[in-house]
Amino acid sequence: MGHSSLGTGGRRMSRKSLSALENASLSFLSAIDTEGGLDAVLFLRRTGSVLASWTREGIRLDVVSVMAATMLASVDTIVEALGGPSSRSISVASGDRQIVATKLGSQAFLFVVAPKTVSQRYVRKAVRELAVRLAAASATSLERLEPRSSKVEANH
């Protein structure tokens, strides 16, 4: 069991008034493999506001979404301060979890958390498939660049 949500800023929306990102959010929710072992799958604005999400029971979405945006911005700032280009995708391994954040255009990103017991290959495949689904559902042009990846290892 898990929790799914579509963020619309608390307002009711007709299908006609959905923005490209909100349209992508609906498509995103239908593409999540809830039996694949993932802990959380979030489609977020770069500010941390949730466009759509699926999480296992007991996960604090308010904390995870804001910290996801903070993590993405922090890694970008560090890499750029070291003279490197901003990465499209960031992978973090910490304790018994793995995290992947992938930018989808300039305004949104995909954030996936899974136990380390779930293969990295499965997580990367899930991220790729969700990113493709979101790009196809969004009317905004999401950059189609080869993913540049930053890997961050946090050992406990």
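Bear in mind that the values here come from a model prediction, so they are computed numbers and not experimental data. (Residues numbered from 1 in each chain as written. Predicted model: local features only at pLDDT ≥ 70, side-chain atom pairs only at ≥ 80, totals over all residues. Heavy atoms only, no water.)

A.B. asks: How should the confidence of the model for the protein chain be read in this particular structure?
C.D. replies: Caution applies to low-pLDDT parts of the model: their predicted coordinates are not meant to be read in detail. Looking at the protein chain, the pLDDT average stands at 79 and 72% of residues meet or exceed 70. Segment residues 8–17: pLDDT under 50, and 8 contacts once partners within four positions in sequence are set aside and those in other chains are kept. Contacts from residues 139–148, a stretch scored under 50 in pLDDT, to residues over four places away or in other chains number 17 contacts. (pLDDT = per-residue confidence, 0-100. Contact = heavy atoms within 4.5 Å.)

A.B. asks: Would you take a moment to explain helix 2 (residues 61–81) for this structure?
C.D. replies: Side chains that are three or four residues apart share a direction in an α-helix, a result of its 3.6 residues per turn. Compared with an ideal rise of 1.5 Å per residue, which puts 21 residues at 30 Å, helix 2 spans 30 Å between its outermost C-alpha atoms and is within 8% of the ideal. Among the residues of helix 2, S65, A68, A69, M71, L72, V75, D76 and V79 are the ones counted as buried. Considered in projection along helix 2, the buried side chains sweep an arc of 155° and stay on one side of the axis. Turned more than 90 degrees off the buried face of helix 2, the exposed positions are T77, I78 and A81. Looking one or two places after helix 2, you find G83, whose phi comes out positive at around 90°. (Helix = DSSP H or I, 4+ residues; strand = E, 2+ residues; numbered from the N terminus. Expected span 1.5 Å × (residues − 1). Buried < 20%, exposed > 50% of the residue type's maximum accessible area, 1.4 Å probe, protein only. Arc of directions from axis to C-beta.)

A.B. asks: Please explain the nonpolar core as it appears in this structure.
C.D. replies: Across soluble globular proteins, you tend to see nonpolar side chains buried next to one another. By size, the foremost hydrophobic cluster in this structure holds 21 residues, and its most contacted members are F28, L38, V41, F43, L110, V112 and V123. For this core, the elements supplying multiple residues, two or more each, are strand 2 (40–45), strand 3 (50–56), strand 5 (97–104), strand 6 (108–115) and helix 3 (120–137). Tallying contributions element by element places helix 3 first for this core, with 6 residues. Once residues within four sequence positions are removed from consideration, F28 is found in contact with V41, L42, F43, A52, S53, L110, L130, R133 and L134. With 17 residues, the next largest nonpolar core counts A40, L42, V75 and V113 among its residues. (Core = buried A, V, L, I, M, F, W, Y, C linked by side-chain atoms within 4.5 Å.)

A.B. asks: What is the right way to look at helix 3 in this model?
C.D. replies: Compared with an ideal rise of 1.5 Å per residue, which puts 18 residues at 26 Å, helix 3 spans 26 Å between its outermost C-alpha atoms and is within 8% of the ideal. Of the positions making up helix 3, those classed as buried are V123, A126, V127, L130, A131, L134 and A135. One side of helix 3 holds all its buried residues, which, seen down the axis, span an arc of 160°. Exposed residues lying more than 90 degrees from the buried face of helix 3 are R121, R128, V132 and A136.

A.B. asks: Any chance you could explain the side chain of D39 here in plain terms?
C.D. replies: Among the structural elements, D39 can be located in the loop between helix 1 (20–31) and strand 2. On the accessibility criterion, D39 (10% relative accessible area) is buried. Here the side chain of D39 touches R97 through a polar contact of 2.6 Å, side chain to side chain. When near neighbours in sequence (up to four residues on either side) are disregarded, D39 contacts W54, T55, R56, I59, R97, V113, A114 and P115. (Polar contact = N/O pair within 3.5 Å; in protein donor to acceptor, adjacent residues only side chain to side chain.)

A.B. asks: Quick question: what am I supposed to make of a nonpolar patch on the surface here?
C.D. replies: On the surface, V63, V66 and M67 cluster together into a nonpolar patch covering about 240 Å² of accessible area. On the secondary structure map, M67 appears in helix 2. (Patch = residues over 30% accessible without salt bridge, like charges linked within 9 Å, V, L, I, M, F, W, Y side chains within 5 Å. Areas by Shrake-Rupley, 256 points an atom, 1.4 Å probe, with all protein chains shown as cover. Salt bridge = Lys/Arg side-chain N within 4 Å of Asp/Glu carboxyl O.)

A.B. asks: How should the pairing of strand 2 be read in this particular structure?
C.D. replies: For a regular strand, side-chain orientation follows a simple rule: the groups alternate between the two sheet faces. Taken across its 6 residues, strand 2 has 5 buried, putting it largely inside the fold. Counted along the chain from strand 2 to the antiparallel partner strand 3, the turn is 4 residues long, and its residue G48 has a positive phi close to 100°. Where strand 2 lies against strand 6, 6 bridges are found, and the strand directions are antiparallel. Within strand 6, the position partnered with R45 by the bridge is A108. (Pairing = 2+ DSSP bridges.)

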